[in-house]
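# Topology and contacts: notes
The lines below spell out each chain.
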Amino acid sequence: MKNLISTVLLMIVTNTMFAQVFGGESVEYDSTGNRFFTSSDNTSIVQRASNGTVSYFGTGLTADYGMEVMGNTLFAIAGTAVKGYDLTTELQVMSATVPGANFLNGLTNDGNGILYATDFGSKKIYKIDATNLSAPVVTTIVANTVSTPNGIIFDGANNRLIFVGWGTNAPIKAVNLSTNAVSTLTTTTIGNCDGIDDDAYGHYFVSSWNPVRISRFNATFIGAPVTITAPGINSPADICYAKPIDTLAIPNGNNTVTFIGFTTTGFNETKSGLDYQLSLSPNPVTESSYFSFELSKSENVRLEIFDQSGKKVATLINEKLSASEHYVLLSGIELQKGNYVYRFTSNNKTISGKFLKM
């Protein structure tokens, strides 16, 4: 027998169409206006109010990739420039062209007027001093990141930047802002990492395309991450964790944004002698239901859903997973009302159970 302290439960999951005119690249939260912004390649910025109303932000304002809210300004990558838009007037108030930029992608800020942007194409990281919106200053702080940089986040407690990269077994790296030296925080078994953001509890969330999932690392990046998967997640890009409302927003390549709500109420769970124990909550299931389990070692896992006739209606997981906690969301699965059976198979051991869709 062993005890496990678990600190994160998935609570609410919804897929929301922002607009049909683009596929989401980046999501950013404005805490003052309690709204989300989303961007896409050479397309107008779209905003989603707290009541779910979707509208365009400004007139003809564009954002290709990363976005950041700092003060009363929404900063966004637009081609080879970083532009700033006033949150109140929705007018452009800054444009900082980045000389020699190839493919600006990720964007972050220190909360004190400084922005940092990754260049996916030339493997560089730029600093944009936006303390004077009329005269921003651009400098290169990393001339060669070696791995291809994508999403980036400012870690003020450790005076560093943390960025994720593209490619197989993509490493997560850090930039020491005192020296601008680059180091590797951890190697991973995930590929094509796109976005990174943190919550208020010391966790870092990373989106990846291979496999398609969200990985939650601890503050030290030591140990296997918790994994979060859902059928509704598709090509997850530049994610955003809205700390005031504990919600992770995931822009997808299928014109949707997936929202995952969290709570941090801890609980004690007693494990049996089995290698795993599967839970489904809540049941009867809703769009916010999820499976959770922990693997003591890396194993091939298959999780399937069958209807009353025995016909398979969905395969939620069919891959080798690492030794860690795993969450599998039902968001994105269209189930008719009725009774269903789930079957969880790992290394030729099977757990089955029933659930009801109201």
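Here, every reference points to the structure presented above.
Residues numbered from 1 in each chain as written. Predicted model: local features only at pLDDT ≥ 70, side-chain atom pairs only at ≥ 80, totals over all residues. Heavy atoms only, no water.

What follows concerns the overall build of the protein chain. Looking only at helices and strands, the protein chain features 0 helices and 35 strands. Burial status across the protein chain gives 53% buried among its 358 residues. Counting contacts in the protein chain only where the partners sit at least 6 residues apart, residues at least 24 apart contribute 47% of the total. Taken as a whole, the protein chain presents about 15000 Å² of accessible surface, with 47% of it coming from carbon and sulfur. (Helix = DSSP H or I, 4+ residues; strand = E, 2+ residues; numbered from the N terminus. Buried < 20%, exposed > 50% of the residue type's maximum accessible area, 1.4 Å probe, protein only. Contact = heavy atoms within 4.5 Å. Areas by Shrake-Rupley, 256 points an atom, 1.4 Å probe, with all protein chains shown as cover.)

With that settled, consider the sheet that holds strand E16 (residues 137-142). Each strand in a sheet pairs with another by means of backbone hydrogen bonds, the pair being arranged parallel or else antiparallel. Strand order in the open sheet formed by 4 strands is E13-E14-E15-E16, with antiparallel pairing between adjacent strands. Edge positions in the sheet fall to strand E13 (104-109) and E16, since each of these pairs with one other strand and no more. Adjacent strand axes in the sheet meet at a mean angle of 25°, parallel and antiparallel pairs treated alike. Bridge count for E13 against strand E14 (residues 114-119) is 4 bridges, and the pairing is antiparallel. Bridge pairing in E14 places Leu107 opposite Ala117. (Pairing = 2+ DSSP bridges. Axes fitted to C-alpha atoms, helices over the stretch in contact; angles between N-to-C directions.)

Within the element layout of this structure, Thr139 appears in strand E16. When the C-alpha positions of Thr139 and Val98 are compared, they lie 8.4 Å apart, and in sequence the two are 41 residues distant. Not counting the four nearest positions on each side in its chain, Thr139 is found in contact with Ile125, Tyr126 and Lys127.

This part covers the nonpolar core. Core analysis: the largest hydrophobic core is formed by 20 residues, its most contacted members being Phe291, Phe293, Leu316 and Phe355. Per-element accounting of this core gives the leading share, 4 residues, to strand E32 (residues 312-321). Every residue in contact with Phe293, bar those within four places of it in the chain, is listed here: Gln277, Leu278, Val301, Leu321, Ser324, Glu325, His326, Val328 and Phe344. (Core = buried A, V, L, I, M, F, W, Y, C linked by side-chain atoms within 4.5 Å.)

Rolled over the atoms, a probe with the dimensions of a water molecule shows which regions are left empty. A volume near 680 Å³ is recorded for the largest pocket. Together, 35 residues line the largest pocket, and Glu28, Glu68, Val69, Asn109 and Asp197 are the ones closest to its centre. For the lining of the largest pocket, the secondary-structure elements that each account for two or more residues are strand E3 (26-30), strand E9 (67-70), E13, strand E17 (149-155), strand E21 (191-198) and strand E25 (240-242). Tallied by class, residues from the lining of the largest pocket come to 16 nonpolar, 9 polar and 10 charged. (1 Å grid on protein atoms, 1.4 Å probe; cavity = no way out; pocket = protein on both sides within 12 Å on 5 of 7 lines; lining within 4 Å. Points joined across faces, edges and corners; volume = space filled by probe spheres on them. Nonpolar A, V, L, I, M, F, W, Y, C, P; charged D, E, K, R; others polar.)

Along the chain, Ser207 turns up in strand E22 (residues 204-210). Within the structure, the side chain of Ser207 is placed 2.8 Å from the backbone nitrogen of Gly195, a separation counted as a polar contact. (Polar contact = N/O pair within 3.5 Å; in protein donor to acceptor, adjacent residues only side chain to side chain.)

One ladder, built from 6 bridges, connects strand E31 (residues 299-306) with strand E34 (residues 338-346); its direction is antiparallel. Across the sheet, residue Glu304 finds its bridge partner in E34, namely Arg343. For E34 and strand E35 (residues 349-357), the ladder comprises 9 bridges, and the chain directions are antiparallel. Paired with Phe344 across the bridge in E35 is Ile351.

Here we come to the pattern of salt bridges. Counted by the stated rule, this structure contains 7 salt bridges. Close ionic contact of Lys243 with Asp198 constitutes a salt bridge, the shortest N to O distance being 3.3 Å. Pair noted here: Lys243 is in the loop between E25 and strand E26 (247-251) and Asp198 is in strand E21, with a separation of 45 residues, a long-range link. Looking at Asp198, the relative accessible area reads 15%, which means it is buried. The shortest N-O distance in the salt bridge between Arg302 and Glu304 comes to 3.4 Å. When its relative accessible area of 7% is taken as the criterion, Glu304 is described as buried. (Salt bridge = Lys/Arg side-chain N within 4 Å of Asp/Glu carboxyl O.)

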